[in-house]
Amino acid sequence: MSHPHPCLRELCRAAAVRAPALLLVLALTTGCVHAPSRPASAAPSSTSTATPAEPLATDSSVVGLVCDSLPSPPSVGSSRPLLGWRIESTARDWRQSAWQIRVASEPRLLALGQADLWDSGRMTGAQTLDIPYQGRPLASRQRAFWSVRVWDAAGRPSSWSAPSEWATGILDNADWQARWIAAPTAHPRAAAPLLRREFSLDRPLLRATARLASLGWSELTVNGRVIGDDVLGPPFTDSTRRILYITRDVTSALASGPNVFGLSLGNGQHSPVVAFGGRPSEVVVPGDEGTGYHKRYGRFGPPAALLEVELEFTDGSRAFIGTDAEWRAGSGAVTFNDLWRGEKQDLRLAPAGWDRPGFDASAWPAARAITAPAGRLEPNQLALPRVRGSLSPDHVTADTAHFTETGAGWPRLQVNGTPGQKIVVSGTVGERLKLHPLEYILRGGPEVLEPKWFFNEVAHTVKVTGLKRPLEKSDLTFQLVFSDPGRAGDFACSDPFFNSLHAALLRTHQGYSFGLPMDPSREKQSWTQDVQNMMDSAVYLSDSAALYRSWWRDMRANQTPDGNVGAIVPVAGIQTQDWNCPWWGGMIVYLPWKHYEYYGDRAFLAEAYEPMRAYVDFLGRRAAEGTRANGGTLRGLPDPGRDEEAVADGLLAWGTGDWMGLAKPPVTLTSTAAWSYYASVVARTAALLGKHEDATRYAALASEVAARFNRRFLNPASGSYGSSAVSQSALAVPLALDLVPAAQRDLAFSRLLDAVNATDGHINTGFVGTPFILRVLSENGHPDVAARLVSQRDYPGWGSLMKGGVFKENWKGEHALMPSLGGPVGAWFYRTVLGIRPAPDGPGFSHIILQPEPVAGLTWARGHFDSRHGRIRSDWRITDGKFHLEIEIPANTSATVFVPAAVAASVLESGAAAASAPGVRFLRHESGRAVFSVGSGTFRFTAPSR
């Protein structure tokens, strides 16, 4: 039997009477470090005193408290995080006039109104989001409890909100009470190691908090109990720049007496597997499909882990248990794992009880302490993958199960076999992609077989070999696995086809979410261009603020000194340039501005400014070099050389362009358009941040590049762009990005309509053009034409793109599960059919445009979007010759509402003339719509249908 370490009581008693140097010795030899009890709270920085009672506002309340956009985060990465809240009110046109935040170090103090960390006092203003904590600087691992109250426009205060809390993470890498460890060098590189540590606990425990980082994936157990229901985490990042760690409360899993922490490690993106050749330390796997996952990753050795467990006792003292060389390392059932090559398990090798007290680990060697990676450790804010459901096969023939619907996850097989029996699960996804073999050697008896460190798109055919009886339908399911940060919106309408598209979009979005957006079928990587295609839809489908902010930080980590960003992010210590383009790496500019539009996060925009500016400068240098498109670098294609004509004209020839489109515009057109647009984004960002000199310089650059663009591509007489009369992207991109001179805009719109008619209402755009065409048509007076594109069932269209309940890679519905081409339809459902979008002067939906469009013969549509301020709802229907519109606007916001009506005076609100209704102000009548300004609340408009 292994010997338990000295009990925490003895460690703490020794630490209390010996020199501080002994604490270091204890840290290195036992992994359990005693820390003195927390000092008593210092004198409050602002203690609220009793004030004469004010009449409380009973029609409003403060809810939804968030810290760094998250509710009660267990770890934040800053000592001065950003705080926010929502207002719920039953009153119309409710406005906040002031706010007050209290922050205390203990719930008891907060309940007494003693804000020993920060009392903002009454602060005048309507701001409810991204308010910086301005109290006493917070240390690592410090908890903070807070509450908010607000005042309405009449100066009446609300009640204090229900308390919320946050905790700081470990703010400096040097503060970690643990060391990085890995399996010994003799451990098989492709196998999944097990790490364990036994200790004894016999003091009353108040709280135990585990913080876990890993290179590759890891699973934490305490006394045999898996902590958390997520899988395949922590999320991958470039460990040379940043590493995400997960924070867990493990209090309930610990017991008095012996305890064991266990860690299972999977290769994940640190797989050492290659297919052909490699260094001696790498695993060579014969095959015919190129490299294993080491192609992109794995350059920093095998999987490793860093675990710190903070133990807080009822007497106020603390101790730590962390990974170090005293941990033991062993082998388990997983003998091989690679995201591209599959997984092998020998279930006979699984050591029973390895992560429980009493297991004899004396034969296990010591874990290997490794040099810490250079990246800064940051608390994870991403939703992690979980098993969310399952699919059953439609039918079974012989040894093969057939699935119609698809998603992402892994197959799960129930068997009752004999010891040593070999079962192989493989399959095909469509005609070209594979479910790589999952091999199992049985222990014997009833067993459930599923991979531990692998995921894939649901295979349409799953073949099971090695069974001693025919496969039955009940034997096999496909577990659906994805990250879900929470739904933000919903949509339904009277057209079943539109509803099926929305359902397919949601399933595609979910199947592409593994912490980061990631292809589950072929590459299992995060292509940056997917941001541009999917972001407008993703924000409506799910709470994406933390996701996009974190992913952008991976882009910043990938940015080289010359300003360039790779096509795939994150990767480990490299850049991937094959298929790169301003619409791929340029997401380092595009994303922060979009984030500001949807979430109003000015602090993030300030953080992003310098990398955004650096990328635009990089594009200028790339244009001067004349570098052409470089798609296929890894496929052995020749260097495309230099575009002398583009250099002479001051245009950007570099990039992949709209390559999935059926009528591709020149790469120089789409890339130069991106260059001008990004320069304008940097100019607008600079102006918001008070960088006036930069704002002037980049605005001038955007204007100059646009002028060069139009000199090369615009036919001023006809309004056409480029040489193709049918390329929808060639017209949609410059129209959407405001590159078309005012004198030619009407002509250019006419040419776009001609291009749609030339294809009989079918779409021919690719990854670059598709996000723009539906918006530019709908928001410039032609939503009916956009609806015609969306409604097409045959090729090319959304009907041909949708297969197995998801969207595929191309308009034929082939290849990988991917939102990159079809994803923009979701934004069209929410922004056009429901009409919900942020106003240009109201980032983050502080001011809302609500302009529903009854298109394509629809008789009703309803849905909502949960903005950071609260729910925005749009519900319209056409009945009895009337257009009915019911909307909901969150407190402390306003909206401009467009009601279809031939005559403005015919519009009613709640049965009375709309222009005189409470909280409603008539603005104008334009293009067959009566336009009103409204405050918050629920409004019911009716008008004779047109």
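This text goes with the structure placed above it.
Residues numbered from 1 in each chain as written. Predicted model: local features only at pLDDT ≥ 70, side-chain atom pairs only at ≥ 80, totals over all residues. Heavy atoms only, no water.

J.: Which residues make up the overall build of the protein chain, and what values go with them?
T.: Counting secondary structure elements, the protein chain contains 17 helices and 55 strands. For the protein chain, whose C-alpha radius of gyration is 30 Å, the value lies close to the compact-globule estimate of 30 Å for 946 residues. Each principal axis of the C-alpha distribution contributes one length, and for the protein chain these read about 85 × 80 × 60 Å. For the protein chain, the proportion of its 946 residues judged to be buried stands at 60%. Partitioning the intrachain contacts of the protein chain with sequence separation of at least 6 by distance along the chain shows that 73% fall at a separation of at least 24. In the form shown here, the protein chain has an accessible surface area of approximately 34200 Å², with 53% of it arising from carbon and sulfur atoms. Charge centroids of the protein chain, computed over 94 positive and 90 negative side chains, lie 2 Å from each other. (Helix = DSSP H or I, 4+ residues; strand = E, 2+ residues; numbered from the N terminus. Rg over C-alpha atoms; globule rule 2.2 N^0.38 Å. Buried < 20%, exposed > 50% of the residue type's maximum accessible area, 1.4 Å probe, protein only. Contact = heavy atoms within 4.5 Å. Areas by Shrake-Rupley, 256 points an atom, 1.4 Å probe, with all protein chains shown as cover. Lys, Arg positive; Asp, Glu negative; His and termini not counted. Charge placed at Lys NZ, Arg CZ, Asp CG, Glu CD.)

J.: A description of the side chain of Asp346 should follow, citing residues and the corresponding values.
T.: Counting through the fold element by element, Asp346 comes out in strand S25 (residues 342–346). Those residues in contact with Asp346 that sit more than four places away from it in its chain are Ala333, Thr335 and Ile441.

J.: Kindly report on the pattern of salt bridges, identifying the contributing residues and their values.
T.: For the structure shown, the criterion picks out 59 salt bridges. Across the pair Asp649 and Arg712 runs a salt bridge whose closest N-O atoms are separated by 3.0 Å. One end of the pair, Asp649, is in helix H9 (residues 644–649); the other, Arg712, is in helix H11 (residues 692–713), with 63 residues separating them in the sequence. According to the relative accessible area criterion, Arg712 is partly exposed, its value standing at 27%. Each of Arg141, Arg211, Glu308, Glu310 and Arg318 takes part in salt bridges that share partners, so that together they form one network. (Salt bridge = Lys/Arg side-chain N within 4 Å of Asp/Glu carboxyl O.)

J.: Before we move on, could you go through the nonpolar core and cite the residues and values that matter?
T.: Formed by 175 residues in total, the largest nonpolar core has its most connected members in Met555, Trp583, Tyr678, Trp798, Trp828 and Phe941. Residue contacts for Trp583: discarding those within four places in its chain leaves Gln529, Gln532, Tyr590, Thr670, Ala674, Tyr678, Leu737, Val768 and Phe772. With 26 residues, the next largest nonpolar core counts Leu201, Ile227, Leu263 and Ile321 among its residues. (Core = buried A, V, L, I, M, F, W, Y, C linked by side-chain atoms within 4.5 Å.)

J.: Describe the environment of Ser392, and please don't skip the residues or the numbers.
T.: Within the secondary structure, Ser392 sits in the loop between strand S28 (385–391) and strand S29 (395–397). Judged by its relative accessible area of 48%, Ser392 is partly exposed. For Ser392 and Ser474, which are 82 residues apart along the polypeptide, the C-alpha to C-alpha distance reads 7.8 Å. Contact partners of Ser392, with chain neighbours within four places excluded, come to Phe403 and Thr477.

J.: Tell me about the environment of Arg921, residues and numbers included.
T.: Relative to the helices and strands, Arg921 resides in strand S53 (residues 920–926). On the accessibility criterion, Arg921 (51% relative accessible area) is exposed. For the pair Arg921 and Phe932, spaced eleven residues apart in the sequence, the C-alpha separation amounts to 5.5 Å.

J.: Can you explain the packing of helix H8 (residues 602–625) against H11? Please cite residues and give values.
T.: Look at H8 against H11: their axes get within 12 Å of each other, and the N-to-C directions meet at 35°. The two elements H8 and H11 meet at a crossing, and its hand is left-handed. Contacts between H8 and H11 involve Tyr609, Arg613, Val616 and Asp617 on the former and, on the latter, Asp694, Arg697, Tyr698 and Leu701. The class makeup of the residues in the contact of H8 with H11 is four nonpolar, no polar and four charged. (Axes fitted to C-alpha atoms, helices over the stretch in contact; angles between N-to-C directions. Left-handed = near helix turned anticlockwise from the far one by under 90°. Nonpolar A, V, L, I, M, F, W, Y, C, P; charged D, E, K, R; others polar.)

J.: Account for the packing of helix H12 (residues 728–736) against helix H13 (residues 745–758), naming residues and giving values.
T.: Axis separation between H12 and H13 bottoms out at 9 Å; the angle between their running directions is 145°. In the crossing of H12 with H13, the sense of the turn from one axis to the other is left-handed. Of the residues in H13, those in contact with Gln728, Leu731, Ala732 and Leu735 of H12 are Arg745, Ala748, Phe749, Arg751, Leu752, Ala755 and Val756. Residue classes in the contact of H12 with H13 are distributed as eight nonpolar, one polar and two charged.

J.: Any details on the pairing of strand S13 (residues 193–201)? Residues and values, ideally.
T.: Counted residue by residue, S13 has nine buried out of nine residues, so it is predominantly covered. The alternating pattern of S13 places Pro193, Leu195, Arg197, Phe199 and Leu201 on one face and Leu194, Arg196, Glu198 and Ser200 on the opposite face, and all of these are buried. Pairing geometry for S13 and strand S23 (residues 328–331), over four bridges, is antiparallel. By the bridge assignment for S23, Arg196 is matched with Arg328. Relative to strand S18 (residues 257–266), S13 runs antiparallel, the two sharing eight bridges. Of the residues in S18, the one forming a bridge with Glu198 is Val260. (Pairing = 2+ DSSP bridges.)

J.: Give a detailed account of the packing of aromatic side chains, specifying residues and quantitative values.
T.: Using the criterion set out here, one finds 41 aromatic pairs in the structure. Aromatic pair Phe455 and Phe514: ring centres 3.9 Å apart, planes at 15°, arrangement stacked. On the criterion of sequence distance, the pair formed by Phe455 in the loop between strand S34 (445–449) and strand S35 (456–457) and Phe514 in strand S39 (residues 513–514) is long-range, its members being 59 residues apart. Each ring, one from Tyr677 and one from Tyr678, has its centre 5.9 Å from the other, and the planes form 50°; the classification is tilted. Of the two residues, Tyr677 and Tyr678, neither departs from the other in class, the shared state being buried. Here the aromatic cluster, defined as three or more aromatic residues joined through ring pairs, consists of Phe491, Phe497, Phe498, Tyr540, Tyr598, Trp828, Phe829, Tyr830, Phe845 and Phe865. (Phe/Tyr/Trp six-rings, centres within 6.5 Å; stacked < 30°, edge-to-face > 60°.)

J.: Talk me through the sheet that holds strand S4 (residues 82–89); I want residue IDs and the actual numbers.
T.: The antiparallel open sheet is built from three strands, whose spatial order is S3-S4-S9. Whereas interior strands pair on both sides, the edge strands pair on one side only; in this sheet they are strand S3 (60–67) and strand S9 (131–132). In this structure, S4 lies alongside S9, joined through two bridges in antiparallel fashion. Each residue of the ladder has a partner; that of Leu82, found in S9, is Pro132.

J.: Let's hear about helix H17 (residues 825–833): which residues, and what values?
T.: Of all nine residues in H17, nine are buried, a share of seventy percent or more. Of the residues making up H17, those classed as buried are Val825, Gly826, Ala827, Trp828, Phe829, Tyr830, Arg831, Thr832 and Val833. Taken from the residues just after H17, Gly835 is the one with a positive phi, measuring 85°.

J.: Help me get a handle on the sheet that holds strand S50 (residues 894–900), residues and values and all.
T.: One open sheet holds the five strands; their spatial order is S45-S46-S50-S54-S53, and the pairing between them is mixed. Each of the sheet's edge strands pairs with one partner strand only, and the pair in question is strand S45 (836–838) and S53. Strand-to-strand twist in this sheet, taken as the mean axis angle between neighbours without regard to direction, amounts to 25°. Pairing analysis gives four bridges linking strand S46 (residues 847–850) to S50, with the strands arranged parallel. For Ile848, the partnering residue across the bridge sits in S50 and is Ala895.

J.: Account for unusual backbone geometry, naming residues and giving values.
T.: Glycine aside, negative phi is the norm for most residues, and most peptide bonds take the trans geometry. The residue after Val569, namely Pro570, is reached through a cis peptide bond having omega 5°. Mapped onto the secondary structure, Pro570 falls in the loop between helix H6 (545–558) and helix H7 (587–599). Here the amide bond leading from Tyr795 into Pro796 is cis, since omega sits at -10°, within 30 degrees of zero. Among the structural elements, Pro796 can be located in the loop between helix H15 (783–790) and helix H16 (798–801). For Ser72, which is not glycine, the phi torsion reads 45° and is therefore positive. Position of Ser72 among the secondary structure elements: in the loop between S3 and S4.

J.: Pulling in residues and values, what's your account of the side chain of Asp601?
T.: Turning to its location among the elements, Asp601 is positioned in the loop between H7 and H8. A distance of 3.3 Å separates a polar atom in the side chain of Asp601 from the backbone nitrogen of Ala603. If we ignore the near neighbours within four places in the chain, the residues touching Asp601 are Asp130, Arg549, His595, Tyr596 and Arg868. (Polar contact = N/O pair within 3.5 Å; in protein donor to acceptor, adjacent residues only side chain to side chain.)

J.: Explain the pairing of strand S49 (residues 882–889) to me, and be specific about the residues and the numbers.
T.: In terms of strand pairing, strand S48 (residues 870–879) meets S49 through seven bridges, oriented antiparallel. Bridged to Asp875 within S49 is Glu886. Hairpin geometry of S48 and S49 is characterised by an intervening segment of two residues between the two adjacent antiparallel strands and by a positive phi of about 50° at Asp880. Two elements, S49 and strand S55 (residues 937–944), share eight bridges in a ladder whose sense is antiparallel. Each bridged residue has a counterpart across the sheet, and for Ile887 the counterpart in S55 is Phe939.

J.: Please give an account of H7 that cites residues and values.
T.: For H7, which comprises 13 residues, the first-to-last C-alpha distance of 17 Å matches the rise-based estimate of 18 Å (1.5 Å per residue) to within 8%. Of all 13 residues that make up H7, twelve are buried, and the element is covered over most of its length. Just past H7, the residue Gly600 takes up positive phi, approximately 65°. (Expected span 1.5 Å × (residues − 1).)

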